[in-house]
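Each chain, letter by letter, is given below.
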Amino acid sequence: MLKEKKKLKVCEKGHEFYKSIDCPTCPTCEKENKPTSGFLSKLSSPARSALIHEGIETLLDLSNYTEKEILKLHGIGPASLPTLRASLKEEGLSFKE
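Attention here is on the structure that accompanies the text. What you see is a predicted model, and the numbers here were worked out from it, not measured in a lab.

Comments concerning the overall build of the protein chain
- Across its full length, the protein chain carries five helices and two strands.
- In sequence order, the protein chain lays out its α and β elements as β-β-α-α-α-α-α.
- Here the C-alpha coordinates of the protein chain stretch approximately 45 × 35 × 20 Å along the principal axes.
- Total accessible area on the protein chain is roughly 7100 Å²; 53% of this is exposed by carbon and sulfur atoms.

Here it is, written out as structure tokens:
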């Protein structure tokens, strides 16, 4: 298997970074934009981005989805589910059945 060569990219803010895939996400901007509180702050950058891209920014939004629907989002893996379940439970919510 050939290893894909990483390409130099520059984000809108001028940060330079290397990526081997077409993902336009700048790691520096991601760190700057990471929330300091709330359930999104407990997730990895890819998982957080996947939810935000889907329009899921609150636990109430999240409770309108099944676990299977959330797992289909690019950037969400099984490791994210315990964190999401616990966050929902703290607010008396759960995933849609």
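This is not the end of the story, as more comes after the structure.
Structural notes on helix 2 (residues 45–53)
- Here helix 2 has its buried residues at Ala-47, Arg-48, Ala-50 and Leu-51. Summarising the axial view, the buried residues of helix 2 lie within an arc of 160 degrees, below the 170-degree limit, and thus occupy one face.
- Close packing links the buried residues of helix 2 with helix 1 (27–33), helix 3 (59–62), helix 4 (67–71) and helix 5 (81–90).

Brief notes about the pairing of strand 1 (residues 7–10)
- Note that strand 1 and strand 2 (residues 16–19) share four bridges and pair antiparallel. Paired with Lys-7 across the bridge in strand 2 is Lys-19.
- Following strand 1, the chain reverses through five residues before pairing antiparallel with strand 2; Gly-14 in that reversal takes a positive phi of roughly 95 degrees.

The rules we used
- Residues numbered from 1 in each chain as written.
- Predicted model: local features only at pLDDT ≥ 70, side-chain atom pairs only at ≥ 80, totals over all residues.
- Heavy atoms only, no water.
- Helix = DSSP H or I, 4+ residues; strand = E, 2+ residues; numbered from the N terminus.
- Areas by Shrake-Rupley, 256 points an atom, 1.4 Å probe, with all protein chains shown as cover.
- Buried < 20%, exposed > 50% of the residue type's maximum accessible area, 1.4 Å probe, protein only.
- Arc of directions from axis to C-beta.
- Contact = heavy atoms within 4.5 Å.
- Pairing = 2+ DSSP bridges.

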